[in-house]
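# Understanding the architecture of this molecule
Each chain, written out:
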Amino acid sequence: MNKLTVKDLKDLKGKHVLVRCDFNVPMKDGKITDENRIIGALPTIKYLLDAGAKVTLCSHMGKPHSIFSDEVKLNKKDKAKVEKGETTAEAIIEKALKDEPKKLTLAPVAARLNELLGGKVTFASDVVGPDAQAKVAACKEGEAVLLENLRFHWEEEKKDLEFCKKLAKYADVYVNDAFGTAHRSHASTAAIVEYGLVKTAVCGFLIEKELTVMADSLDHPVHPFVAILGGAKVADKLGVISNLLEKCDTLIIGGGMAYTFLKAQGYEVGTSLVDDEKLDYCKEMIAKAKAAGKELLLPVDTVVTAAFPDPIDAPIETKTVSSHEIPADMMGLDIGEKTRELFAEKVKSAKTVIWNGPMGVFENPILAAGTNAVAQALADAKGATTIVGGGDSAAACTQLGYADKITHISTGGGASLELFEGKVLPGIACLNEKE
Ligand code: AMP
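None of the values given here were measured: they were computed from a predicted structure.

About the cut-offs
- Residues numbered from 1 in each chain as written.
- Predicted model: local features only at pLDDT ≥ 70, side-chain atom pairs only at ≥ 80, totals over all residues.
- Heavy atoms only, no water.
- Domains from an automatic or database assignment.
- Contact = heavy atoms within 4.5 Å.
- Buried area = accessible area lost by both parts, 1.4 Å probe.
- Salt bridge = Lys/Arg side-chain N within 4 Å of Asp/Glu carboxyl O.
- Helix = DSSP H or I, 4+ residues; strand = E, 2+ residues; numbered from the N terminus.
- Buried < 20%, exposed > 50% of the residue type's maximum accessible area, 1.4 Å probe, protein only.
- Disulfide = S-S within 2.5 Å.
- Pairing = 2+ DSSP bridges.
- Axes fitted to C-alpha atoms, helices over the stretch in contact; angles between N-to-C directions.

### Considerations on the domain arrangement of the protein chain
As far as domains go, the protein chain holds domain 1 (6–64 + 104–206) and domain 2 (214–420). Each of domain 1 and domain 2 has a C-alpha centre, and these two points are 35 Å apart. Contacts between domain 1 and domain 2 engage seven residues on the former and 10 residues on the latter. Between domain 1 and domain 2, roughly 610 Å² of surface is buried when both sides are summed, and carbon and sulfur atoms account for 65% of that area. If you sort the residues of domain 1 by the area they bury against domain 2, R37, F179 and H183 come out on top, with a joint share of 73%.

### What about the pattern of salt bridges?
With the rule as written, the count across this model stands at 18 salt bridges. Between R20 and E156 there is a salt bridge whose closest N-O contact spans 3.6 Å. Taken together, the residues span a long stretch of sequence, with R20 in strand β1 (residues 16–20) and E156 in helix α6 (residues 154–157) at a distance of 136 residues. Comparing R20 with E156, the two get one shared label, buried.

### Quick look at the state of the cysteines
All told, the structure shown has zero disulfides when counted by the stated rule. Its sulfur unpaired, C164 is 11 Å from the next cysteine sulfur, which belongs to C58. For C164, a relative accessible area of 0% corresponds to the buried category. With no disulfide of its own, C282 lies 15 Å from the sulfur of C248, the closest cysteine sulfur.

### Description of the sheet that holds strand β15 (residues 352–356)
If you trace the six strands from one edge of the open sheet to the other, you get β11-β10-β9-β15-β16-β17, paired in parallel fashion. Every interior strand has two partners, whereas the edge strands, β11 (295–297) and β17 (408–409), have only one. As judged from the four bridges shared by β15 and strand β16 (residues 385–388), these two strands associate in the parallel manner. Following the sheet pairing, V353 is matched in β16 by T386. Sitting on the sheet, helix α14 (residues 369–380) touches β9 (225–229), β15 and β16, and the angle it makes with β15 is about 155 degrees.

Below, the structure written as structure tokens:
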């Protein structure tokens, strides 16, 4: 890791420090249902408070409309609905203005942080408005202010210069500790530094930990190195598959993605999810693996159903068939038992394992066995570095109570996938380098 961290900062006493966190926590009826991201941010915040800094915390929550901006912007989905005549722009805006201040506010996060940090956190009801400005100005050494949801301004995602300038007023020093959004180039994640508005820009402990474990394991893996990929579509993971094939010894592919590979090998996959446009890509990857002497493992058996469950967690009838003989009128929705054993056996003999993406439609308990088996295999892997790249796979490990048995569960699904792809993350690239 060649970036400066909060530990490299000197003389923090009395300085205004702006910290970009990822407090985009799941909420239900105004209550936080998983506070992992809040807990993950605490070491950096505590360090800064103990050093006597005046801390301003900021984050996004969900995908709101720009209700704090002069002009409310519609997203692509909204525009499509308006074009189809399903609704009007006015109706969307009216609903957003009514619901989102309550649904997507960071106020509950501020309350929880305040509990966890012994009453040192106040909440500002805007981002760059009068309340935030007054509260940041009144912030004392060793105290923190959490600003309202950054994405209530469209300016955040569009890297608006004037918005960045206003944010930069809170920052003698800028700290990025939001690994979950480090792959996004937004005002608060990168532009504020890229525009030269803050000179001292470092990473927090969470980003440092994520990078140290994941980048080091990818760049200098202890072999055998097994990578496991799942999830819905091949198209979403083109770069990841190709990059991992270069680094690992065995690439395991499960989930919906596997059927495009199986079809590319000439097998019947029934009504399973297939990305026909990516058949040639899959053939190319199969050839790439062969030429490089890498093992590319696909499911040998598959749990099939007559139709996709509707609703997704509805009870369904399943049977297990060979992955090479999926009946033409059936779809594969999970890996079968033989495959679970095969994949677990590979994990057992590995020294480095990374995993991203479910092995089946795990939202349905009847189709979660494959995903759970992979989580179990990682938890059982003795003496190996095991890394779970956020998202659904991380949730599966946590729900099964395996969090302590895995070396690292990333807080960023999208960001960790981009690391697996070998990409440079803008939220990290912009930070100051070590001398
Ligand atoms: P991703 O966002 O690409 O990681 O995909 C996650 C989604 O893939 C989950 O919602 C799963 O239900 C879905 N998925 C996994 N396996 C399958 C499958 N065999 N067929 C359809 N969807 C799947």
